[in-house]
Every structure is written in C-alpha cells, then in structure tokens.
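The lines below spell out each chain.
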Amino acid sequence: MTGTQLVDLAIIGSGSGNSIPDERFDDRTIAIFEEGVYGGTCLNVGCIPTKMFVYAAEVAEMARHSDRYGVHARVESVDWPAIVDRIFGRIDPISAGGKEYRVDRCPNITVYSAHVEFDGRDDDGRYRLVTPDAVVLATEVVIAAGSRATVPPIIAECGVRYHTSDDVMRLERLPERLIIIGSGYVAAEFAHVFGALGTQVSIIARGPALLRHLDADIAARFTEIAAEKWDVHLDTHVTGAVDLPDGGVRVSFEDGTHVDGDALLVATGRKPNGDRLNLGSVGVTVNEHGRVACDRHGRTDATGVWALGDVSSPYQLKHVANHEERVVQANLLKGWDADDLVAFDHRFVPAAVFTHPQIASVGLTETRARDLGLDITVKVQAYGDVAYGWAMEDSTGFCKLIAERGTGRLLGCHIMGPQAPTVIQPVIQAMSFGLNASDMARGQYWIHPAMPEVLENALLGLEL
Ligand SMILES: Cc1cc2nc3c(=O)[nH]c(=O)nc-3n(C[C@H](O)[C@H](O)[C@H](O)COP(=O)(O)OP(=O)(O)OC[C@H]3O[C@@H](n4cnc5c(N)ncnc54)[C@H](O)[C@@H]3O)c2cc1C
Ligand SMILES: NC(=O)c1ccc[n+]([C@@H]2O[C@H](COP(=O)([O-])OP(=O)(O)OC[C@H]3O[C@@H](n4cnc5c(N)ncnc54)[C@H](O)[C@@H]3O)[C@@H](O)[C@H]2O)c1
C-alpha cells in the first residue's frame, strides 16, 4: 500500500504483536508493520524450529546410547535435508497462512511488509510512521519489534563467512565440523542439535564455564558433560577468523592457537531493535541496556506508545513476550489513563535450555539468594536416586531446590536432566501461588514412579 493512511493503532512487529488484534479490536483501524518473515522470531527462526531440531537430536541421542538398556540400536545415517524439510515444510506455511489471514480476512487491518520508523508527530498529535513507500498516521502505537542476533566486530568486520541462528537451520548440508562462538542458550542448544546429529562441535567460551548465567552448580556440571562430547574452549578470546581455501573456516585465539571447522555459528546474544526506529523523534526513550523504556503496564514515555517483548523486556523469552502482549492488549482496551491497568508479572519467570541434558530454572540462584542475605536451605536431589532415574540409568541429572529456612518459602529451583522443563512446572506454580515447600511436598499426591518424584524428594530433603 502506498500513500498516507490514518489508523487508530499501529503495531510494529508481527511476532507477539500480531496476537493483539482480536474481535475486540474489530472497530479499530490497524496497521501492522513487518520487515521480515511474518510471525516473528519464535515461529520462524527461534523457539519452534529449534525445538523441532532438538527433538530429532534427542531421537539420535537415544539410539546412540541404547546399549545401556540392552537394546542395540544404531544411527545409520542422518538425512539433514529431510530434517530441514520436515521442519520448515511445517513452519513456512504457518507463517504464510498467518500473513494471508491478516491481509485477506481482516478488513480493518493493513499489513505493511516493510521496515518502518517513527518520524515525529503531526499537528493533531498522531504518530507519523514511515516506510519506503507509505506514511501511516497512528493515534496509538505498539512497539513489538523484538531483537536481533549480535555479531562481535572481530567477526563481522573480518570478512569471514559465518552464520547466526537466523540461517544455520537452513544449511544445505550437515557440516562435519561446526565452530560455535558463545556459550549461552543458542550455543548450548545448537551444540546439542549438531553434535547429536553427527557434527564435531567446537564451542568457544570467553568465560570459565558454559551457561554461566545459570546456577553455578548447573553451569559447572553442564560444562563437565559438554567437555566429554564437544571440543570446549573456556576462557578463550577470539582474535580473528578467515575462510580457508578448502571451503572451511579458521578461528584464531589470543594464545596463538586456532580451531578449524566447516561452518561457523556466532551465538553471542541478541540486541533489542529499538535503535532502528528513530525513537528520539517522538520522545520514546531507551534504557542503559538498549531496551525501550516502559512502565509495568507497557507504557513508554510517549503518550499512546506501548512496548512489549524483546524490544523492551528484561527477558528475551517467548512466554514473557506473550504475557506482555496480553497485558498490553488488555490495557489498549482499557485506555492509556485507565485507573485499573493490568501490570506485567515478572516475579517468577522460568526459563529452559533445550540442550542435552535439558535444563530448567525459576527464581533465585543459590549465589543470588546468599547475596541477598536470605536465610536459606538447599537440597540437591539426584535423578539417579529416584525410580524413574534408575529406569533411565541417569547418572548426571539433579534437582536443586532453594527455600527460606523457617517459612519454607520456595526461592529457586534449578533442574538438569531428562524433561527438566516439564518437571519444573509444579515449582513455578507453587512459587506463583505462594505454596510453601512442606505443603507442596505433602499436600498432594506424587505419581509413583514418575519423574517428578525427583522434585518430591528434593522438597522432603529441605531442612526447614
Ligand atoms: C534460536 C532461538 C531460539 C529461541 N528459543 C526460545 C525458546 O525455546 N523459548 C523461549 O521462550 N524463547 C526462545 N527464544 C526467544 C524468543 O524467540 C523471543 O523472546 C520472542 O520471539 C520475542 O518475541 P517478540 O514478539 O518480542 O519479537 P519478534 O518475534 O522478534 O518479533 C519482532 C518482529 O518485528 C519485526 N521488526 C523489527 N523492527 C522492525 C521495523 N523497524 N519495521 C518493521 N518490522 C520490524 C521483526 O522482523 C520481527 O519479525 C529463542 C530465540 C532464538 C533466536
Ligand atoms: N530455550 C530458550 O528459551 C532460548 C533459546 C535460545 C535463545 N533464547 C533467547 O535468545 C537470547 C539470545 O541467545 P544467545 O545464546 O545468543 O545469548 P546469551 O545471552 O544466552 O549468550 C550469549 C553468549 O555469548 C557470549 N558473548 C557475548 N559477547 C561475546 C563476544 N564479543 N565474544 C565472545 N563471546 C561473547 C556470552 O558470554 C554468552 O556466552 C537469550 O538471551 C535467550 O533469552 C532462549
């Protein structure tokens, strides 16, 4: 669409932002701007495809280790193009269908498939939003522009061929050797995916452990396990990278050594997209972390401009972006100045790393709880000490619970082991609804001999 359009509401970003307009918004004219693939990060290049790859990796991992159960299975071969086709053959039509729905079946909505930026306000106070072909004047705006992968200048500027999570899932061939720079979520998940499918993985961490943002016991155990199967370089600083004549890539380190691979994945964090919106022209501020500043209702400094998700949130997680979208959606319906606005609930935000073993956490780490001066009790319960852990021959998994001594208030839970993101859910529920450790342990049945018994035993083991 070209020319100038007047709308009640403009939404920048078709990830979580796309969920805002439902039938309650049918009487409002709406513009949705999307410069990339419709549906945003989670659907197209994030949570959903990665977990579909992770599942294939789990199947391979299970077959490879089946001997321990007396079942002699083998991974004969991995058909990478078939895996890619299965995943994107499912996802791409969902993205296309989502866009088609908005374009063809929502008469009050116009989709602009272009980059948009603010360009001040008009004389009536409406926000001017400009794309290369169109100008939209909006009474209210939701900034749901997400974040993008960052690449350190040493790699971005050296001319080497590299991948990010945006394109590594669409490689034509499974690389024999993959170098990953970074040691956070993306690095741990792709190391698992590629490693389990047969790639030799080198992982380059600038710090002394992988997944350092997690509880120290989890990070330490995970780093040990990782070093047994991947080529792990800790405390290692990259000084450069070059393409090799054989089509490979070489990454060099400060100590004069290097590692060679067939492909390079850069997984060094994501940056909020607020810096590409000319926010200064409308008085929306960005905080010291580069996030669009907003209050707990999602209101930015500019009246009528709201923000949600990765662009403004302290958490770059889809369940948080979805929650914030529901809050902003409710508040849009109530009105900017309503005295009953809904607030974001960031009290107990859980997270999971779908690597191997799986990891999940909620609440405080032990270090943080001690730093806060809380009187805590900690119980570490091994998966291998409960019946389902025996069944699985698990020897590395554990559940670590942190509670307040005296009250039994649950402060944190950190689990590494099979189905950790599922096993942890009752703790998220207990913390969210204020259930203490003793009531949680004995106020309900725990199915025997199911995996959550690891949690039950951890609760019972706390010295309250
Ligand atoms: C590899 C990977 C795996 C992940 N796995 C998980 C997981 O398992 N669980 C989990 O909870 N989270 C996961 N995440 C994080 C999750 O994907 C994000 O937190 C979530 O998608 C953010 O949603 P959003 O709506 O804020 O932004 P997005 O979904 O990124 O949507 C923002 C959209 O805005 C568009 N846009 C930006 N600027 C402009 C502009 N100026 N003009 C027009 N359009 C614009 C972008 O193209 C984008 O489509 C993962 C992320 C990655 C990268
Ligand atoms: N399962 C999930 O929920 C999931 C999965 C993938 C991604 N995500 C989200 O996406 C975000 C981005 O993931 P990510 O792994 O890219 O980021 P991250 O913040 O988890 O990890 C970044 C890693 O890069 C390292 N690093 C940063 N700058 C570097 C530099 N200049 N040189 C070398 N190393 C450097 C950091 O030390 C860290 O190890 C995460 O914060 C997470 O919220 C979530």
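A quick note: this is a predicted structure, and the numbers were derived from the prediction, not measured. (Residues numbered from 1 in each chain as written. Chains lettered and ligands numbered in written order. Predicted model: local features only at pLDDT ≥ 70, side-chain atom pairs only at ≥ 80, totals over all residues.)

Caption draft 1: Spatial organisation of the overall build of the chain. Across its full length, the chain carries 13 helices and 21 strands. Counting across all 464 residues of the chain, residues that qualify as buried make up 42%. Of the contacts made within the chain by residues no fewer than 6 positions apart, 63% connect residues no fewer than 24 positions apart. (Helix = DSSP H or I, 4+ residues; strand = E, 2+ residues; numbered from the N terminus. Buried ≥ 20, exposed ≤ 12 C-beta atoms within 10 Å, placed from the backbone. Contact = placed C-beta atoms within 7 Å.)

Caption draft 2: Geometry of the sheet that holds strand β20 (residues 398-404). Taken together, the five strands give an open sheet; going across it, the order is β17-β18-β21-β20-β19, and neighbouring strands pair in antiparallel fashion. The outermost strands of the open sheet, each flanked by one partner alone, are β17 (351-353) and β19 (376-382). Each strand of the sheet is rotated relative to its neighbour by a mean of 10°, with strand direction disregarded. In this structure, β19 lies alongside β20, joined through seven bridges in antiparallel fashion. Residue pairing across strands places Gln-381 opposite Cys-399, the latter belonging to β20. (Pairing = 2+ DSSP bridges. Axes fitted to C-alpha atoms, helices over the stretch in contact; angles between N-to-C directions.)

Caption draft 3: Fine view of the site of ligand 2. Every one of the 21 residues lining ligand 2 counts as a neighbour, but Pro-152, Gly-182, Gly-184, Val-186 and Gln-316 are closest to it. Those elements that provide at least two residues to the shell around ligand 2 are α5 (185-197) and β17. Considered class by class, the residues forming the shell around ligand 2 number 11 nonpolar, seven polar and three charged. (Near = placed C-beta within 6 Å. Nonpolar A, V, L, I, M, F, W, Y, C, P; charged D, E, K, R; others polar.)

Caption draft 4: Molecular detail of the UniProt feature "domain: FAD/NAD(P)-binding" (unreviewed entry) in the chain. In the numbering used here, UniProt assigns the "domain: FAD/NAD(P)-binding" (unreviewed entry) feature to residues 8-321. Within residues 8-321, the helical portion is 27% and the strand portion 23%, while the C-alpha atoms at the span's ends are 23 Å from each other. (UniProt positions renumbered as here; feature names shortened; annotations may be inferred.)

Caption draft 5: Region of the structure containing the sheet that holds strand β14 (residues 263-266). Read across the sheet, four strands follow the order β10-β9-β8-β14 without closing on themselves; strand pairing throughout is parallel. Of all the strands in the sheet, the pair left with one neighbour each is β10 (231-233) and β14. If you compare each strand with its neighbour and ignore which way they point, the axes differ by 15° on average. Pairing analysis gives three bridges linking strand β9 (residues 200-204) to β10, with the strands arranged parallel. Looking at the pairing, Ile-203 lines up with Val-232 of β10. Sitting on the sheet, α5 touches β8 (177-181), β9 and β14, and the angle it makes with β9 is about 165°.

Caption draft 6: Up close: helix α7 (residues 318-334). With 17 residues, α7 should reach 24 Å at 1.5 Å per residue; the first-to-last C-alpha distance of 24 Å fits that figure. Within the span of α7, buried status applies to Val-320, Ala-321, His-323, Glu-324, Glu-325, Val-327, Val-328, Gln-329 and Leu-332. Tucked inside the fold, the buried residues of α7 contact β6 (134-143) and β16 (305-307). Immediately downstream of α7, the backbone of Gly-335 shows phi near 110°, a positive value. (Expected span 1.5 Å × (residues − 1).)

Caption draft 7: A look at the UniProt feature "domain: Pyridine nucleotide-disulphide oxidoreductase dimerisation" (unreviewed entry) in the chain. Sites flagged by UniProt as "domain: Pyridine nucleotide-disulphide oxidoreductase dimerisation" (unreviewed entry) map to residues 349-458. Along residues 349-458 one finds 34% helix and 26% strand; the C-alpha atoms at either end are 21 Å apart.

Caption draft 8: Structural view of the pairing of strand β21 (residues 410-416). Of all seven residues making up β21, seven are buried, and the element is well covered by its neighbours. Note: strand β18 (residues 359-363) against β21, five bridges, orientation antiparallel. Residue pairing in the sheet places Ala-360 in a bridge with Ile-415 of β21. In this structure, the hairpin formed by β20 and β21 is closed by a connection of five residues, where Gly-406 is found at a positive phi of approximately 95°.

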